[in-house]
Amino acid sequence: MLRNIQKKVRALFPSKAPARPVYQRQEIPRDQHNVSRSMISEPAKKVLNRLNKAGFEAYLVGGGVRDILLGEQPKDFDIATDATPEEVHELFRNSRLIGRRFRIVHVLFGREVIEVTTFRGNADNVDADDGDDRKTNEHGLLLRDNVYGNQEEDALRRDFTVNALYYCIRDFTVVDYAGGVDDLHNRQLRLIGDPETRYREDPVRMLRAVRFAAKLDFAIEPVTEAPIRELAPLLTHIPPARLFEEVLKLFSAGYGETTWHLLQQYDLLAPLFPETVRAIDEGQPDELIVKALQNTDDRLRQGKSVTPYFMFAALLWPALQAEWQRRQDNGEPAQPALHQSIGKVIGRQVQAISIPKRFSGPMKEIWELQMRLPRRQGKRAYAIMEHPRFRAAYDFLLVREAAGEIEPGLGQWWTDFQAADDRERERMLSQLGQQGPRKRRRGRKPASQRQDG
Ligand code: ATP
Ligand code: MG
């Protein structure tokens, strides 16, 4: 079955020389690898089989193959095919065509989404006037990437060699075009092609390098690692909405703490969180962030959920503290200074990474509640507990205590108060009343450590 795309590919790739001749196709037969069908989800198998039956090539690719080869359970399954997105969409009623920069198909099975992408071609071979679908700007940034290609071209436009392995469900072979199997054994991340070019095409690949290094406990191979620090500022060219998605992936994979340190090490934090980096450089502690990420990692390991607004509340905390302190040093009263600071910090942050309103709202509330949590007298404690963000704010308070930012005590009080019955609660509150709210404070702490106004 000769399809349009194959003709299109030939038209687009007239040159005989392969783009990157160093790479050689290798096929690893079923008895020489550990990918078994039982490790692939039923929906993924269904999609592979139906595509094959309809006469298309279809392979499991990316993290699905990589993680199985590493003996890990893949997070999701990606499929590459020579069927066009429209052809895939036609085959699956339960599918959606999505994306502009990459047109892909999501096939939906309940909560599982199988991402199906059509083989993509390689920029280097595109003729100037034909290259309209794969354009780069003056920084080398890939603006569009919708040239279809064959499997080899598809492999070579992927990011890391270990992400360019294909599993064929028809003959159970693993196909490797870029030496990914060797890199997998050596536990290293190697970009396909010239790293600088590939990072310029898509600076997010620098974040992916760090994300996979943290998650897989792989080294970033020296040539792949070398240009990162210098090119890190290119991330500012990425649309804030895409960066938001990438940052969520960075910190919600269960390796947030390692990721944080790697981002620092590669100068990748500044383009993402410029104000936080400035605040830390100016002496604000980053312990709270580290503790919050440890906390997040622990929760994920226990199978609990984590919320983006909690993560962002922590990641921007040093920036908020710096701004708040600056305003108080200028004589603004604590409470209005906090409100102003919250607005400013979020306003500046969303220029780098957009934070959807459904997350920035709760994030503000967590911050604001930090001022309310110490003021528990009378009916206040009950009112605070009714707040929809109480639980998150309480968790945040515990992290602040663990980070040594505030003296321990308040967190335990709230822990006890939640567990107590009505009588006990009244007793706790009356004890507070005797002490009086003002006298609790021993001396004036620096603004950054003050919990209330
Ligand atoms: P995981 O899903 O476990 O986070 P993954 O490797 O599957 O890891 P995805 O973001 O799901 O990552 O992408 C699937 C595949 O698409 C990757 O393995 C890679 O081959 C390719 N890919 C994704 N993003 C890029 C990119 N920015 N540049 C080049 N190839 C990419
Ligand atoms: Mg994936």
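Residues numbered from 1 in each chain as written. Chains lettered and ligands numbered in written order. Predicted model: local features only at pLDDT ≥ 70, side-chain atom pairs only at ≥ 80, totals over all residues. Heavy atoms only, no water.

### Considering the sheet that holds strand S4 (residues 95-98)
For sheets, the rule is that strands pair by backbone hydrogen bonds, running either parallel or antiparallel. The eight strands lie next to each other as S1-S8-S7-S2-S3-S6-S5-S4, forming an open sheet whose pairing is mixed. The strands lining the two open edges of the sheet, one partner per strand, are strand S1 (26-28) and S4. Strand after strand, the sheet turns through a mean of 30 degrees between neighbouring axes, direction not considered. As paired strands, strand S7 (residues 165-167) and strand S8 (residues 174-176) are joined by three bridges and run antiparallel to one another. (Pairing = 2+ DSSP bridges. Helix = DSSP H or I, 4+ residues; strand = E, 2+ residues; numbered from the N terminus. Axes fitted to C-alpha atoms, helices over the stretch in contact; angles between N-to-C directions.)

### A few points about unusual backbone geometry
Backbone geometry follows two general trends: most residues other than glycine have a negative phi, and most peptide bonds adopt the trans configuration. A positive phi angle is found at Phe 172, which is not glycine, with a value near 65 degrees. Checked against the element boundaries, Phe 172 lands in the loop between S7 and S8. By relative accessible area, which is 15% here, Phe 172 ends up buried. One non-glycine residue, Asp 217, lies in positive phi territory at about 60 degrees. Mapped onto the secondary structure, Asp 217 falls in the loop between helix H8 (204-216) and strand S10 (219-220). Looking at Asp 217, the relative accessible area reads 61%, which means it is exposed. (Buried < 20%, exposed > 50% of the residue type's maximum accessible area, 1.4 Å probe, protein only.)

### Describing the packing of helix H19 (residues 357-372) against helix H21 (residues 390-402)
Running from N to C, H19 and H21 cross one another at 65 degrees; their axes reach a closest spacing of 9 Å. Taken together, the axes of H19 and H21 lie roughly perpendicular to each other. Classified by chirality, the crossing of H21 by H19 is right-handed. Residues Ile 366, Trp 367, Leu 369 and Gln 370 of H19 lie in contact with H21, whose contacting residues are Phe 390, Ala 392, Ala 393, Phe 396, Leu 397 and Arg 400. In the contact of H19 with H21, the residues fall into eight nonpolar, one polar and one charged. (Parallel < 35°, antiparallel > 145°, perpendicular 65-115°, else oblique. Left-handed = near helix turned anticlockwise from the far one by under 90°. Contact = heavy atoms within 4.5 Å. Nonpolar A, V, L, I, M, F, W, Y, C, P; charged D, E, K, R; others polar.)

### With respect to the side chain of His 106
Within the secondary structure, His 106 sits in strand S5 (residues 104-109). His 106 has contacts with Asn 94, Ser 95, Arg 96, Ile 98, Val 113, Ile 114 and Glu 115, leaving out every residue within four places of it along the chain.

### Examining helix H18 (residues 334-349)
Taking 1.5 Å as the rise per residue, H18 with 16 residues should run 22 Å; its terminal C-alpha atoms sit 22 Å apart, in good agreement. Three or more residues of H18 are buried, namely Ala 334, Ala 337, Leu 338, Ser 341, Ile 342, Val 345, Ile 346 and Gln 349. Seen along its axis, H18 keeps its buried residues to an arc of 155 degrees; they face one direction. Contacts from the buried residues of H18 go to helix H13 (269-272), helix H14 (274-281), helix H17 (317-329) and H19. (Expected span 1.5 Å × (residues − 1). Arc of directions from axis to C-beta.)

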